[in-house]
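Analysis of the macromolecular model
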Amino acid sequence: MSTEPDRIADPWGERTPYDRGAPWPARTDQHLAPGLTEDDVERWVQSVSLLHSNGDAMDIAVRHGRIVGVRGRTGDRVNRGRLGPKDLYGWQANNSADRLTRPLVREGGRLVPTDWDTAMDRIVTRTRHLLDERGPGSLGFYTTGQLFLEEYYTLAVLARAGIGTNHLDGNTRLCTSTAAEALKESFGCDGQPGSYEDIDHADVLALFGHNMAETQTVLWARVLDRLAGGDPPALVCVDPRTTPVARRATVHLAPRPGTNVALLNALLHEIIRRGRIDRAYIDAHTVGYEELVARVEPCTPRWASRICDVPAPAIARAAEILGDAERLTSTVLQGFYQSHQATAAAVQVDNLHLIRGMLGRPGCGLLQMNGQPSAQNTRECGADGDLPGFRNWQNDRHVAELAELWNVTPDRIPHYAPPTHAMQMFRYAEQGTIRMLWITGTNPAVSLPELARIRSILAQERLFVVVQDLFLTETAQLADVVLPAATWGEKTGTLTNADRTVHLSDKAVDPPGEARADLDIFLDFAARMDFRDKDGGPLITWHDPESAFAAWQRCSAGRPCDYTGLSYQRLRAGTGIQWPCTADAPDGTPRLYTDGITFAHPDTCESYGKDLVTGAADEPVEYRSLNPDGKAVIKAAEYLPPHEDTSPDFPLQLITGRTVHHFHTRTKTGRAPELNAAAPDVWAELSGADAAALGLHAGDLVEVGTPRGAVRARLRIAPMRDGVVFVPFHYGYWDTPAGHRPADDGAGRAANEGTITEWDPASKQPLFKTCAARVTLVEPGTRAARDHTGSTARSAR
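What counts, and at which threshold
Counting starts from 1 at the beginning of each chain's written sequence and moves along it residue by residue. Residues qualify for local features only when their pLDDT is at least 70, as the model is predicted, and side-chain atom pairs are given and counted only at 80 or more; totals for whole chains, interfaces and linings, by contrast, use all residues. Values reported for side chains reflect all heavy atoms of the structure, with hydrogen atoms and water molecules removed beforehand. For helices the rule is a DSSP run of H or I covering at least 4 residues; for strands it is a run of E covering at least 2, with both sets numbered from the N terminus onward. Helices are assigned an expected span. That span is 1.5 Å times one less than the residue count. The buried label goes to any residue with under 20% of its type's maximum accessible area, the exposed label to any with over 50%, and the partly exposed label to all in between, with areas taken from a 1.4 Å probe on protein chains only. Counted as a polar contact is a pair of N or O atoms within 3.5 Å, where, for protein atoms, one must be capable of donating a hydrogen and the other of accepting one, and residues adjacent in sequence contribute only when both atoms are in side chains. Whether two strands pair comes down to DSSP finding at least two bridges between them. Every axis in this analysis is a line fitted to C-alpha atoms, fitted for helices over the stretch in contact. Angles between the N-to-C directions lie between 0 and 180 degrees. Counted as salt bridges are all cases of a side-chain nitrogen of Lys or Arg within 4 Å of a carboxyl oxygen of Asp or Glu. The term nonpolar core refers to a set of buried residues drawn from Ala, Val, Leu, Ile, Met, Phe, Trp, Tyr and Cys, joined through side-chain atoms within 4.5 Å. Contact between two residues is taken to exist if any of their heavy atoms lie within 4.5 Å; hydrogens are not considered. Oblique is the label for any angle not under 35 degrees, not over 145, and not in the 65 to 115 range, which are roughly parallel, roughly antiparallel and roughly perpendicular in turn. Handedness of a crossing follows from how the near helix is turned relative to the far one, being left-handed for an anticlockwise turn of less than a right angle and right-handed for a clockwise one. Between the rings of Phe, Tyr and Trp (Trp by its six-membered ring), a pair exists once the centres lie within 6.5 Å; its type follows the angle of the planes, with under 30 degrees stacked, over 60 edge-to-face, and the other angles tilted. Look at NZ for Lys and CZ for Arg. If either is within 6 Å of the ring centre and within 35 degrees of the ring normal, a charge sits over the ring. Cysteine sulfur atoms are paired as a disulfide whenever they fall within 2.5 Å. You can read pLDDT as the predictor saying how much it trusts each residue, on a scale of 0 to 100. Under the grouping applied here, Gly and all other residues not named as nonpolar or charged are polar, the nonpolar ones being Ala, Val, Leu, Ile, Met, Phe, Trp, Tyr, Cys and Pro and the charged ones Asp, Glu, Lys and Arg.

This part takes up helix α13 (residues 312-324). The first and last C-alpha atoms of α13 sit 18 Å apart over 13 residues, in line with the 18 Å expected at 1.5 Å per residue. Along α13, the residues that are buried comprise I315, A318, A319, I321, L322 and G323.

Here it is as C-alpha cells:
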C-alpha cells in the first residue's frame, strides 16, 4: 500500500517502471481525512473520478454518513490503483458548508429559498407558456460533462421527444466537440479507436496539444513508468509551452498558436516523401489519399517553419520519428481543439495514422481525448449535438429507429437541421429566440468566451434561466430558479471515460438538505409536464438509475456504442469495461477497427461529413458517391491564417488552459483546501525574453488585455515560446468580494473576459487559443510575490 501525504508537490507519485509489452504494475494510492486510518472507515463504496476525463477507478471511504477519503482500485484496467491530486483531495467539496440545500427562486430581484413544488411549478408554468406562445424552439438546454449516462439519456429524451426542441448541447462543446467531429470526419462515427493499453506497447508516443502531465496525471504516470522502464518509447510533443511533457520529449515542437494545420501538413509531407506509408492499408481501407498527397506536396518543413516559427530540422526530425515508428500511439487535446482550424488539425492526426496503417493493433492507438469525466456520454446519449446512439440526423431511417424506440412519430423528433450547438444557443438567447435556458452542472458565466456578453445575455429580463447545480455559482446568481443537485458519491450512475471504459459510481452518502439527483429532477419535470408517447402512455418509462440504464441499452443496441453486454452487476466486478460490449464481445472491446473500418458505411455512419472551412454539412448523396463501401476518409486541409492576428496595439497571442490542481471553474477543486492552497489565484505566464522586453518581473501585477476585455494577474516567467501569454481559465468570482462580477474598473479575474466569440466551423468549438493581446504593468510585485510566482517549473521525474 502506497499512501501519498503530499501529492500536490508530486502529482504523479512514485515510479513503477515496466518494459514494453509488459503489464503496468499496480500501485494503490489513498488519502483519508486527517487523523483517520483504514480502521476508522465504516464502508468503502465503488466510484470513479469526476474531476478529469481519465476515468480513475476508486473506492469512497464513508464514516458517520460522510465521505472521509478515497483509495484507488488496484484491479481496474484504467489506473491500476493510482489516483491524481484532484482524485485524492477533490472529494472534500462534497462536504462544503456552502452547498445548495434548498431550491431558490427570484423575488424582487433577489434569490430566496423556497420548496420544490414552488420551484418546479415556476419551471413548468413557464415551459407550458412558451410552448403555447412560441413553440419548442423557444426552449434550450445547456448541460455539462459531469452527469451520469442515465441522466444525459433522460434529458435527451425529454428535450428531443418531450419538448421537441433542437436546442440541446453540453459544455463539452468547449472541450470535446472537436474530438467527436474529427472522428466522424475520418471514420464516419464517434468512438475512440485506441485504448490506454496502447501506451504499454508503443515505441513512439505523440502528444498533439495535450498537456497530459497536468490534465490526466495518472495517464502521464503510465507514460513516465514506460520511460523509466526498458525499451522506452520516443516522445513527440506539440505545445507552445514547455510543459512537463515537453521537458521529457525526444522532440518538442512549439508552433505559433493557430498554425497547427501547417505543422501537420509538413509532417505528412515528409512521411509521404520518405515513403513511410502503408500502401496496402490505404488501398484496402481508405478513400481520399491522392487528394492528401496533392495538398501537402508543397508543404515542406521549410515552408511550415516560416508559418509556425519552428525550426525546419526539428519538423523533419519529428516526421522521421513518426514515420519510422513500428507502433505509434497519438493523443490530441485542447491545444488543437480550442485553436484555429481545430477540426482540420485534429483530422490530420487521424490521417497520420491512416496513411501509416497504425490502427487496430496493440500500440497503434489513436485517442482524440476528452476534457471531462463523462464527455463521452454526452455524445453517445445525444446531449451534445447529435442523436442518441450515434445516430445521424440526416438519415431518416435513424430518426425512425428512435421514434419507434420512444413510441413517437418521427416528426416529433426535430431533425430539420443539425442539433443546435451551444454557441448558437447563446446567440439565439441574445436575439430573443430562445426565452428559457435550463443550465445543468456548468458555469458559462466563467467558462464561455467574452464574459461581459455572456453575463448580459443571462441577465436579460426576457430570458428565464434555470440553473441546476451544487453551489451558488456565478451563473446561478443570475438565474430565475436554482435547483440544488446531488453530485458524485451522492447518487448512482455510470460514466464512460476517454478510452470507452464504462464505470459504475455507486451512491455512498445522502446529499445535503433537500438536494436531489439530477435524474430525479429530470424525471420529476417529465412527470409534471405529463409527456406522453403516441399511444397516450408515459414518454419516459423508467424510474431509477438501473432502469434508465436498461432503457439506454435498448437505444444503443446494434449501434457502435453498444452497451447490451453490460450490467450494473458486471460493473461491480472490479474493473470498468470498454464498449462495445455485446454477447459476441462480453468482456468489451479494447480497440476499434481491428479488421478494417466498421462504422463508416452510408447506412450506418453518424455523419456524412462537413466542409472543414465553412462547416456546411455534406449531403447524403455526396457521401455515398465518395464512400459507397464505408471506408475511412482521408480528408486533406489547407492552412488558413487566423482571423484575429497580432497588431502593434496587441502584439501577443493569448492562450488559455488548465492547471494540474483545478478543474473547470473551480466550483469543486476551489473548495478542496490542498488544491486551493496549491493554486489560489489566477496568474499570467510570459517567456523571459518577452518579460524583459516589457520591463516586467515575476510577481508583478499585470493586465492582460484584448479588444474585448482584460484580466489582472500576477506574472510568472515561464519556459515557453516568445510572443505568447498564457492564463489559466479556472478562476471566476465566487470567492472574491465582487461576487459574480469583475472589479469596478472593468478588469477581471476570469481569463474569458478577453477571449473571442469565434468557433471552429466544423466542430463549433470556441477558439480559446487564437486571440490577440497585450500585457501591461499595473503594480510592481513585492518580494513575497516574486518568490511565490518566480517559476512554473515542476519536476516530471
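Now for unusual backbone geometry. Between W579 and the following residue, P580, the backbone shows a cis peptide bond with an omega angle of -5°. The residue P580 is located in the loop between β20 (577-578) and α24 (620-626) in this model. For E450, which is not glycine, the phi dihedral falls at a positive 55°. Locating E450 in the fold gives a position in the loop between α19 (444-447) and α20 (451-458). Unusually for a residue other than glycine, R666 sits at a positive phi of about 65°. On the secondary structure map, R666 appears in the loop between β22 (652-657) and α25 (673-678).

So, on to the environment of Y731. With respect to the helices and strands, Y731 occurs in the loop between β26 (724-728) and β27 (772-779). What makes Y731 buried here is its relative accessible area of 0%. Spatially, the C-alpha atom of Y731 lies 33 Å from that of Q348, the residues being 383 residues apart in sequence. One polar contact links the side chain of Y731 to the main-chain carbonyl oxygen of A679, over a distance of 2.8 Å.

Moving on, we come to helix α3 (residues 149-163). With 15 residues, α3 should reach 21 Å at 1.5 Å per residue; the first-to-last C-alpha distance of 20 Å fits that figure. Burial of α3 is extensive: 15 of the 15 residues sit out of reach of the surface. Two residues or fewer after α3 comes G164, characterised by a positive phi angle close to 85°.

Strands sit in the order β11-β10-β9-β13-β14 across an open sheet of 5 strands; the sheet is parallel. On the outer flanks of this sheet lie β11 (251-253) and β14 (366-368), each paired with one strand and no other. Mean inter-strand twist for the sheet, computed between neighbouring axes without regard to direction, equals 10°.

Going through the model one piece at a time under the given rule, you end up with 54 salt bridges. The salt bridge involving E185 is made with K635; its shortest N-O contact spans 2.5 Å. Placement of E185 in helix α4 (residues 177-187) and of K635 in the loop between β21 (632-633) and β22 is noted, with a sequence separation of 450 residues between them. This pair shows no difference in class: E185 is buried, exactly as K635 is. Ionic contacts of the salt-bridge type, sharing partners, join the residues D117, R516, D524 and R528 into one network.

Further remarks concern the pairing of strand β17 (residues 481-484). Side-chain direction in a regular strand flips from residue to residue, so the side chains alternate between the two faces of the sheet. Neither face of β17 is left uncovered, since the one carrying V481 and L483 and the one carrying V482 and P484 both have all their residues buried. Alignment of strand β5 (residues 104-107) against β17, held across 2 bridges, turns out to be antiparallel. Of the residues in β17, the one forming a bridge with L104 is V482. With 4 bridges joining them, strand β16 (residues 464-469) and β17 adopt parallel strand pairing. Looking at the pairing, V466 lines up with V481 of β17.

Attention shifts here to the nonpolar core. Ranked by internal contacts, the top residues of the largest apolar core, which has 158 residues, are I123, F208, L483 and F525. Per-element accounting of this core gives the leading share, 10 residues, to α3. In contact with I123, other than residues within four places in its own chain, are M436, W438, F464, V466, V481, L483 and F525.

Looking now at the packing of helix α9 (residues 260-273) against helix α15 (residues 342-356). One way to put it is that α9 packs onto α15 with a least axis distance of 9 Å and a crossing angle of 15°. Between α9 and α15, the angle falls in the class roughly parallel. For α9 against α15, the interelement crossing comes out left-handed. On α15, the residues that touch N260, V261, L264, N265, L268, I271 and I272 of α9 are A344, A345, Q348, V349, N351, L352, I355 and R356.

In this section: the packing of aromatic side chains. Under the defined criterion, the tally for this structure stands at 16 aromatic pairs. Between F549 and Y563, the aromatic rings sit 6.1 Å apart at their centres with planes inclined by 70°, giving edge-to-face as the arrangement. With F549 in helix α22 (residues 545-556) and Y563 in the loop between α22 and α23 (568-571), the pair connects residues that are 14 residues apart, well separated along the chain. Counting every residue linked through ring pairs, the aromatic cluster contains Y153, W542, F549, W552, Y563 and Y568. Sitting above the plane of the W44 ring, R71 keeps its charged end 3.9 Å from the centroid.

Further remarks concern the environment of V399. Positionally, V399 belongs in helix α17 (residues 396-406). For V399, a relative accessible area of 1% translates into the label buried. Taking the C-alpha atoms as reference, V399 lies 9.7 Å from P388; in sequence the two are 11 residues apart. Every residue in contact with V399, bar those within four places of it in the chain, is listed here: L387, N392, W393, P410, I413 and H415.

Attention now goes to the state of the cysteines. As enumerated under the stated definition, the model contains 0 disulfides in all. Here C561 stays free of any disulfide, with the sulfur of C189 as its closest cysteine sulfur at 7.0 Å. In this model C581 remains outside any disulfide bridge; the closest cysteine sulfur is found in C561, 13 Å from its own.

This brings us to the sheet that holds strand β18 (residues 493-496). Read from one edge of the open sheet, 3 strands run β18-β19-β20, paired in antiparallel fashion. In this open sheet, the two strands that pair with only one neighbour each are β18 and β20. For strand β19 (residues 501-505) and β20, the ladder comprises 2 bridges, and the chain directions are antiparallel. Bridge pairing in β20 places T501 opposite Q578.

With that settled, the discussion passes to the confidence of the model for the chain. For the chain, the mean per-residue pLDDT works out to 95, and 97% of the residues sit at or above 70. Across residues 790-797 the pLDDT falls below 50, and counting only partners more than four positions away or on other chains, this stretch makes 27 contacts in the model.

Two elements in contact, helix α18 (residues 422-431) and α20, have axes whose closest approach is 9 Å; the angle formed by their N-to-C orientations is 55°. By the angle between their directions, the pair α18 and α20 is classed as oblique. In terms of crossing hand, the pair formed by α18 and α20 is left-handed. Judged by residue contacts, F426, R427, A429 and E430 of α18 engage R453, I454, I457 and L458 from α20. Here the contact of α18 with α20 is composed, by residue class, of 5 nonpolar, no polar and 3 charged.

Below, the discussion takes up the side chain of T440. Within the secondary structure, T440 sits in strand β15 (residues 436-440). For T440, a relative accessible area of 1% gives the class buried. T440 has contacts with Y142, T143, T144, L147, Q468, D518 and F522, leaving out every residue within four places of it along the chain.

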